[in-house]
Structures are given as structure tokens and as C-alpha cells.
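A closer look at the structure
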Amino acid sequence: MNVFSEFLVSALIVLGALFTLLGSVGLLRLPDFLMRLHAPTKATTLGVGALLLASAIYFSLTGSGVSLHEAAIVLFLFITAPVTAQLMAKAARHRQKKSGEDR
Amino acid sequence: MLIRAIEIAFILIGVAMMLSFWRLLRGPDIVDRVLALDTLSINAIALLVLYGLHTDSNTYFELALVLAILGFVGTVALCKYLLRGDLIE
Amino acid sequence: MLKQLIPRPVLSLTVLLLWIAITNAGSLGLLLLGLLLAVIIPRLTLPFWPQAPRLANPLRALRFLGVFALDIVVANWGVARRIVGPSERLSPALVEIPLDLRDPFLATLLGSIVSLTPGTVSIDVDQKHWVLLVHALDAPDPQALIDEVKNRYEAALKEIFAC
């Protein structure tokens, strides 16, 4: 691996970890549930995506042949993140409505 | 440089997991806990990928894939339970 | 004949590409197994799939994917700034976006796209009135958000799937 690709992989790793951390920071400090939902669906997903991209580049350059299987996880994460977000938002609204009726 | 980057990333993701875990403990509602669990499972995928890079081995990829699938299915099942109060209709 | 063998060409292609990705393009034998799976899996799951609209403009779809990937990065930058900044200054809002699309599959696709991109998470697709309910992290001007989603994403989807 030459200096340039090493720098690229390192930058992607740190950026990815930073975005993952940001997702959790948002999860902790935003004031209500629907706002908290934004942080993990976007920041954490992108963070893990960047980490997987770094891994794909690293193993493609050092291992034998191209390393594609990270792409499968990235694809899976990017397809499932909106689905879980929508389901959780629905569940939250459902519970809000129910507790409103109880009162 | 790469080794330094991986070390920094380990710390960042460790802190991220602690923050998610704090939200899991604090709640306040059960949907918050479900969200925190989902975030924790994605953080764990990040940790696995990072560990794979650290040890320079490809073996952890399958584990990350299984974790991704299980995390998704688990979250969906929990949400369905919250929405319907029943899993199998 | 070909139509009967692979009823969903795009789905078959996706299965094949995913198989190649997972096995790291190992050997010819694995590729043949992947081809077999690409024929069998879409046929077995055929009853589960909604009647998906035809992909009319594949080149436009590829260009849209590029724009979309860039948008994800830009949107994340915006979300990151708002997470770190003071949260009292945010103005979260529930926004209803009236849809021109009349297809459940496309409405869901639009919902997923909206969830991943600009400061919004889609909450519900109302298929009676064709309204997409989204929650925005910071939307001082809801009308601008509606216009952005409609012009940037819905118009592109309508072009790609020709409906």
C-alpha cells in the first residue's frame, strides 16, 4: 500500500468512527423521540458505511483480488435503516395516541 | 498512520457504544430503548469491521453480516410487538 | 421463453450481483451457482412482490443514484452540525407531503429516499389520500421542504419509472 491509499483508508476510518459517535451523541442529547430518531438513521448508517468502504479498499489493496463483500453489508444497512426508522416512528406515535386515550 | 487511525476509531466507537448504552438505561419510553438497542447493534457492526482491519483478517465479515440481519429482524419484531401487542397473529 | 425463465430481470440481476459481492467473486463454480440462484429465488418469491412498475430509464436511474449518494453525504453534514449545535434553536416539524405518485412500491421507495437524505424521516405513507408524513429535524419553512422533496426526488422517480 502506498502513502496515498494509506492516508485515504485512515481518513475514512476516522471519519466513519466520528460519524458513528455523532449518531450516538445525537441519540443521547436531542430532546424528544422523533428528533432522536434522526441521529442513528443517518449519521450512524453513514459512519458504518464509511468504515466498510475503508475495509473494502484496504483488503482490495493488500489481500488477493478485490474485496467486494463489504458492499453487501452497506447495501443491507442502507435498505434497512429507513424501514426500521419508519417502524419505530409508527410505534412511538401509536404509544403516544394510546397513552392520550388512557388519560 | 493506519494503526493510529484504527486506535483512534476504537476509542470513538467505544464512547459511542457507551452513550447508546446510557440511552438504553435511561429510556424514558420503551421506544427509546428499542432505538438504543438498534443503534448498539449497528455500533457493534462498526466495531467488528474495525477489529477485522486491526487483525488484518477477513473472518469477521460473516459475523458482521449476521449481526446486521439479526439487528434488523430484532428491531422489526420489537416494533411489531409494540404496535400490535402480539407477534404471531 | 426468456420472459418465463426470468420474470423479474432487475431482481435476478440484483441477486446475482449480491451473490458475487458476498462470495468475493471467488471462482467459476460459485458464479454458476449464483446464476442458478438468480433464476430460482425470484421465481420462488414471485407471489410476495407487489406489481412493480417497469424501469423505463436505466441511465437516468444510474445518474440519480450518483446524485442520491452525494445528497446522503451532504445531508449527514447538515444533521451532524445540528446534533452538535444548541438543540433549542432547532424547529422540528411534522410535514405532510401530498404525492403525485399512485403506486405503493414507488411511494415506499420515495419514503426510504426521504429518510436517508435531507434532515427528514418518513413516518407513514397514507395510501388512501396519497400523503407522505415526514418528520423534519429542523424545518423553519415546511413549504420549502415539500417543494424540495417533490422537485428533487419525486420528479426523478416519475421520470425513471415512467408513470
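Keep in mind that this is a model prediction, so the values were computed, not measured.

This part covers the overall build of chain B. Scanning chain B for helices and strands turns up 3 helices and 0 strands. Secondary structure elements in chain B, listed N-terminal to C-terminal, are α-α-α. For 89 residues, the compact-globule estimate of 2.2 N^0.38 gives 12 Å, and the C-alpha radius of gyration of chain B, at 16 Å, exceeds that figure by more than 25%. In chain B, of all internal contacts separated by at least 6 residues, the share reaching a separation of at least 24 is 42%.

Moving on, we come to the UniProt feature "transmembrane region" (unreviewed entry) in chain A. Per the UniProt entry, the sites bearing "transmembrane region" (unreviewed entry) are residues 12-31, 43-61 and 67-89 of chain A in this numbering. End-to-end, the C-alpha atoms of residues 67-89 of chain A are 36 Å apart, and along that stretch the chain is 91% helix and 0% strand.

This paragraph deals with the confidence of the model for chain B. Caution applies to low-pLDDT parts of the model: their predicted coordinates are not meant to be read in detail. Of the residues in chain B, 96% reach a pLDDT of 70 or more, and the chain-wide mean stands at 87. Across the interface, the model reports ipTM at 0.85; the global pTM reads 0.84.

The subject of this paragraph is the confidence of the model for chain A. Per-chain confidence: chain A averages 84 in pLDDT, with 94% of residues scoring 70 or above. Within chain A, no element has a lower average pLDDT than helix α3 (residues 69-102) of chain A, which sits at 83, and none a higher one than helix α1 (residues 3-29) of chain A, at 89.

At Asp56(B), a position not held by glycine, the phi torsion is positive, near 55°. Under the C-beta neighbour-count criterion, Asp56(B) is labelled exposed, with 10 such atoms within 10 Å.

Further remarks concern the interface of chain A and chain C. Accessible area lost upon the coming together of the parts serves often as the stated size of an interface. The partner chain C presents 24 residues to the 30 residues of chain A that form the contact. Residue assignment for the side of chain A that touches chain C shows that the elements contributing at least two residues are α1, α2 (33-62) and α3 of chain A. The residue inventory of the side of chain A that touches chain C, partitioned by class, reads 20 nonpolar, 6 polar and 4 charged.

Here we come to the interface of chain B and chain A. With 41 residues of chain B at the contact, the number on the chain A side is 42 residues. Taken together, the elements giving at least two residues each to the side of chain B that touches chain A come down to α1 (2-26), α2 (30-54) and α3 (60-84) of chain B. Looking at which element gives the most residues to the side of chain B that touches chain A, the answer is α2(B), with 15 residues. Within the side of chain B that touches chain A, the residues separate by chemical class into 31 nonpolar, 6 polar and 4 charged.

It is worth spelling out the nonpolar core at this point. One recurring pattern in soluble globular proteins is that nonpolar side chains are buried together. Among the nonpolar cores identified, the biggest contains 87 residues, and Leu51(A), Met88(A), Ala46(B) and Val49(B) are the most heavily contacted of them. Summarising the domain contributions, this core has at least three residues from each of domain 1 (2-48) and domain 2 (58-161) of chain C. Filtering out sequence-adjacent residues up to four positions away, Ala46(B) remains in contact with Thr20(A), Gly47(A), Val48(A), Leu51(A) and Ile13(B).

Further remarks concern the sheet that holds strand β3 (residues 131-136) of chain C. To summarise the sheet geometry, strands pair through backbone hydrogen bonds and adopt either a parallel or an antiparallel arrangement. All names here are of chain C. Across the sheet, which stays open at both edges, the 3 strands sit in the order β1-β3-β2 with antiparallel pairing between neighbours. At either end of the open sheet lies a strand with only one pairing partner, and these are β1 (93-98) and β2 (120-126). Averaged over all neighbouring strand pairs, the angle between strand axes comes to 25°, with direction disregarded. Where β1 and β3 come together, 6 bridges link them in antiparallel fashion. By the bridge assignment for β3, Ile97 is matched with Leu132. Sheet strands in contact with helix α6 (residues 142-161) are β1, β2 and β3, and its direction is about 45° off that of β1.

Turning our attention to the packing of α2(A) against α2(B). Direction vectors running N to C along α2(A) and α2(B) enclose 10°, while the axes themselves pass 10 Å from each other. With respect to α2(B), the axis of α2(A) lies roughly parallel. By crossing handedness, the relation of α2(A) to α2(B) is classed as left-handed. Facing Phe33(A), Arg36(A), Leu37(A), Pro40(A), Thr44(A), Gly47(A), Val48(A), Leu51(A), Leu52(A), Ser55(A) and Tyr58(A) of α2(A), the residues of α2(B) in contact are Val31(B), Asp32(B), Leu35(B), Asp38(B), Thr39(B), Ile42(B), Ile45(B), Ala46(B), Val49(B), Leu50(B), Gly52(B) and Leu53(B).

All names here are of chain C. For α6, which comprises 20 residues, the first-to-last C-alpha distance of 27 Å matches the rise-based estimate of 28 Å (1.5 Å per residue) to within 8%. Of all bends in α6, the biggest is about 30°, found at Lys150. If you check which residues of α6 are buried, you get Leu145, Val149, Tyr153, Glu154, Leu157, Ile160 and Phe161. Lining the buried residues of α6 we find α4 (58-84), β1, α5 (104-116), β2 and β3.

About the thresholds
Residues numbered from 1 in each chain as written. Chains lettered and ligands numbered in written order. Predicted model: local features only at pLDDT ≥ 70, side-chain atom pairs only at ≥ 80, totals over all residues. Helix = DSSP H or I, 4+ residues; strand = E, 2+ residues; numbered from the N terminus. Rg over C-alpha atoms; globule rule 2.2 N^0.38 Å. Contact = placed C-beta atoms within 7 Å. UniProt positions renumbered as here; feature names shortened; annotations may be inferred. pLDDT = per-residue confidence, 0-100. Buried ≥ 20, exposed ≤ 12 C-beta atoms within 10 Å, placed from the backbone. Nonpolar A, V, L, I, M, F, W, Y, C, P; charged D, E, K, R; others polar. Core = buried A, V, L, I, M, F, W, Y, C linked by C-beta atoms within 7 Å. Domains from an automatic or database assignment. Pairing = 2+ DSSP bridges. Axes fitted to C-alpha atoms, helices over the stretch in contact; angles between N-to-C directions. Parallel < 35°, antiparallel > 145°, perpendicular 65-115°, else oblique. Left-handed = near helix turned anticlockwise from the far one by under 90°. Expected span 1.5 Å × (residues − 1). Bend = angle between axes of the 7 residues up to and from the residue.

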